[in-house]
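# Breakdown of the fold
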Amino acid sequence: MNTENHLMIEQQGKLGMITLDRVTHLNALSLDMIKSIGAQLELWRNDAAVQAVLIKSNSPKAFCAGGDIRYLYDSYKNGTADYKGYFSAEYKMLNILREYEKPIIVVLDGYVLGGGFGLAQACHIVVSSEKSRFAMPETAIGFFPDVGATHFLSRLDDIGVYMAITGEQISSSDALYLDLIDYHVPSEQLQALQDALVDAPSLSKEGIERIITRFITRPAESELKQLAEGIRKHFGYQHLDEIEQSLENEQDESLKTWASKMLSILQQRSFIAKQTSLKLQHLGRGLSLPQCMQLERDLQDIWFEHGDFIEGVRALIVDKDKQPQWQERNSKFEPILEKLS
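Values in this document were obtained by computation on a predicted structure and should not be read as measured data.

### A look at the pattern of salt bridges
Per the stated rule, a full pass over the model turns up 16 salt bridges. Asp158 is the salt-bridge partner of Arg285, the closest N and O atoms lying 3.8 Å from each other. Remark: Asp158 occurs in helix α6 (residues 158–166) and Arg285 occurs in the loop between α13 (271–284) and α14 (289–306); sequence separation between them is 127 residues. You can call Asp158 buried: its relative accessible area is 15%.

Have a look at this one:
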């Protein structure tokens, strides 16, 4: 086994395995990890001995908690443009994953957040246990859901809007209901599934899926499914003010507590971040995946100057005072919205 850059790389049978191994950081993706995943996939691309790739985690808590936001913050604060290089490398890796000729299976067993969610969505076969929790929590740090979420969340219509602007977590049952994962396999069966893949004489996509179906079980009922009507009622509006007003005016006793909690969450978020996230979700519905990714990349490169990311990371990660001083609706925000039109 080759271990470097917080990755464990090995080949067993006809399966190439990449294990995320930055456990102390819940596998937040460092630039080295991102580049090494891409480089390893390139090495295996023409290796006939490797017929499929499995990506998983060595952490009992998380598949991946997202991007390395502290690195991005420090890069910007140090006056370098390294943060642009990080996003560029990350998007290159996501494209390699999506377009890879061999099947790529990802196994999720714990938190799947932000950049980790984007990484999982770029894989071809997504397997999750009941322990997984999914979210795009970027608005909490004054950012917007990126790594392709403009495409994969916008396909969920109002539920995508809800996930994008609140950053709320969903369960593996919810993710299966929304088609964000392909298969639900109990946590205690994941090793047996991996062993079966290693033992397989050949690993075509169809063959892999046949093997996985031997291990799948029906997950618990989706709580989000029960909430779907309430989400559509409030998150189907075009404008942020209308969504917040709608939540405030909820009179149905069965939805009141939830609506009040959602309003409270939204009121703590950066205006620029939630407004942009809402706009991206509406725009994404009419764009292809490459167009969505390009839109996100254009925004990332100007966001650190004009958005609230740096202040959000300062308040939550660096100083930990949890008192972000978000920008008001001001002129700096206008060019960002113009970019989106």
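### A few points about the nonpolar core
Grouped together as the largest cluster of nonpolar side chains are 86 residues, with contacts concentrated most on Leu97 and Phe235. Ranked by residues supplied to this core, first place goes to helix α3 (residues 82–99) with 9 residues. Those residues in contact with Phe235 that sit more than four places away from it in its chain are Asp158, Val161, Tyr162, Ile165, Thr166, Ile243, Leu247, Trp258, Met262 and Leu266. Core analysis: the second largest hydrophobic core is formed by 21 residues, Tyr183, Leu197, Val198 and Ile208 among them.

### Thoughts on the environment of Glu244
Its place among the elements puts Glu244 in helix α11 (residues 240–248). Using a relative accessible area of 16% as the deciding quantity, one classes Glu244 as buried. Discounting chain neighbours no more than four positions away, the residues touching Glu244 are Leu263, Leu266 and Lys274.

### So, the UniProt feature "domain: Enoyl-CoA hydratase/isomerase" (unreviewed entry) in the protein
With numbering aligned to this structure, UniProt lists the feature "domain: Enoyl-CoA hydratase/isomerase" (unreviewed entry) at residues 16–329. For the annotated span residues 16–329, helix accounts for 54% and strand for 11% of the residues, and the straight-line distance between the end C-alpha atoms is 49 Å.

### Points about the pairing of strand β2 (residues 7–12)
Sheet topology note: the strand β1 (residues 2–4)/β2 ladder contains 3 bridges and is antiparallel. Bridging across to β2, Thr3 finds its partner in Met8. Hairpin connection, β1 to β2: the antiparallel pair is bridged by 2 residues, and Asn5 has positive phi, about 50°. Note that β2 and strand β3 (residues 15–20) share 6 bridges and pair antiparallel.

What counts as what
- Residues numbered from 1 in each chain as written.
- Predicted model: local features only at pLDDT ≥ 70, side-chain atom pairs only at ≥ 80, totals over all residues.
- Heavy atoms only, no water.
- Salt bridge = Lys/Arg side-chain N within 4 Å of Asp/Glu carboxyl O.
- Helix = DSSP H or I, 4+ residues; strand = E, 2+ residues; numbered from the N terminus.
- Buried < 20%, exposed > 50% of the residue type's maximum accessible area, 1.4 Å probe, protein only.
- Core = buried A, V, L, I, M, F, W, Y, C linked by side-chain atoms within 4.5 Å.
- Contact = heavy atoms within 4.5 Å.
- UniProt positions renumbered as here; feature names shortened; annotations may be inferred.
- Pairing = 2+ DSSP bridges.

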